[in-house]
Amino acid sequence: PGPPRRLRENAEFAALTLLTQDWDAIASWLIEELFRDEAHRRAFLALAAADGDLTTALVTADPDARDVLERAAVADLDVDPEVEARNLIAAAVRRELAVPGSAGVPTRIRDDAEARLQLEQLAQPIAAGSAAGWLLGWLHRRMEQRTAGGN
């Protein structure tokens with residue numbers, strides 16, 4: 001495969017823009033596993049480690065992440081934090097559901113089925129908050145399992 005594709009002004013960038021400009025509007029909706037682009041993920045981690053303090057994040061971030069943070073800090077986007085967070089969560093869940101797993105493992109089958117149901121609920125304004133919480137936990141657990149060598 002060629003070099004990783006740079007995802008510039010997408011949902012990840014919109015979320016980072018919101019984080020740099022209004023941390024409290026979206027921070028509680030985001031986890032590392034939502035960021036597919038490495039520079040965006042590292043920018044998020046730097047900002048999260050700095051508790052939303054952009055100046056501190058810029059000092060500690062690597063050059064690519066710093067570039068993302070600098071662009072995000074001055075970007076003029078008119079986006080809804082909840083909508084952007086839900087879009088980012090939905091995209092990450094769909095990516096994870098597409099990853100081949102252990103066929104026939106009952107717990108994996110149940111978890112994936114529940115994730116699909118929760119993904120549908122994410123689109124419903126009243127249920128979106130609890131669905132987002134469940135899906136964020138599911139994504140985090142799935143990444144931990146993958147890191148630990150599980151399925």
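Residues numbered from 1 in each chain as written. Predicted model: local features only at pLDDT ≥ 70, side-chain atom pairs only at ≥ 80, totals over all residues. Heavy atoms only, no water.

A.B. asks: Is there a simple way to think about the overall build of the protein chain in this case?
C.D. replies: Summing up its helical and strand segments, the protein chain has eight helices and zero strands in all. In the protein chain, the succession of α and β elements from N to C terminus is α-α-α-α-α-α-α-α. For the protein chain, the C-alpha radius of gyration of 16 Å lies close to 15 Å, the compact-globule estimate for 151 residues. Overall, the C-alpha framework of the protein chain stretches about 45 × 40 × 25 Å when taken along its three principal axes. The 151 residues of the protein chain split such that 40% are buried. With the model as given, the accessible surface of the protein chain reaches about 8,300 Å², and the carbon-plus-sulfur share is 53%. Treating the 17 positive side-chain charges of the protein chain as one cloud and the 25 negative ones as another, the clouds have centres 9 Å apart. (Helix = DSSP H or I, 4+ residues; strand = E, 2+ residues; numbered from the N terminus. Rg over C-alpha atoms; globule rule 2.2 N^0.38 Å. Buried < 20%, exposed > 50% of the residue type's maximum accessible area, 1.4 Å probe, protein only. Areas by Shrake-Rupley, 256 points an atom, 1.4 Å probe, with all protein chains shown as cover. Lys, Arg positive; Asp, Glu negative; His and termini not counted. Charge placed at Lys NZ, Arg CZ, Asp CG, Glu CD.)

A.B. asks: Sorry, what's going on with the packing of helix α1 (residues 11–21) against helix α3 (residues 38–49) here?
C.D. replies: At a minimum axis distance of 10 Å, the contact between α1 and α3 shows a crossing angle of 20 degrees. By the criterion of interaxial angle, the relationship of α1 to α3 is roughly parallel. Here the hand of the crossing between α1 and α3 comes out left-handed. Contact with α1, carried on its side by E12, F13, L16, L19 and T20, involves H40, A43, F44 and L47 of α3 and no other residues of that element. Classifying every residue of the contact of α1 with α3 gives six nonpolar, two polar and one charged. (Axes fitted to C-alpha atoms, helices over the stretch in contact; angles between N-to-C directions. Parallel < 35°, antiparallel > 145°, perpendicular 65-115°, else oblique. Left-handed = near helix turned anticlockwise from the far one by under 90°. Contact = heavy atoms within 4.5 Å. Nonpolar A, V, L, I, M, F, W, Y, C, P; charged D, E, K, R; others polar.)

A.B. asks: Quick question: what am I supposed to make of the nonpolar core here?
C.D. replies: Inside soluble globular proteins, nonpolar side chains tend to come together where they are buried. Core analysis: the biggest nonpolar cluster contains 41 residues, and L30, L34 and I89 have the highest contact counts within it. Put simply, the parts of the chain that give this core at least two residues each are α1, α3, α5 (63–74), α6 (81–97), α7 (106–122) and α8 (128–147). Excluding anything up to four places from it in sequence, L30 contacts A15, L19, F35, F44 and L88. (Core = buried A, V, L, I, M, F, W, Y, C linked by side-chain atoms within 4.5 Å.)

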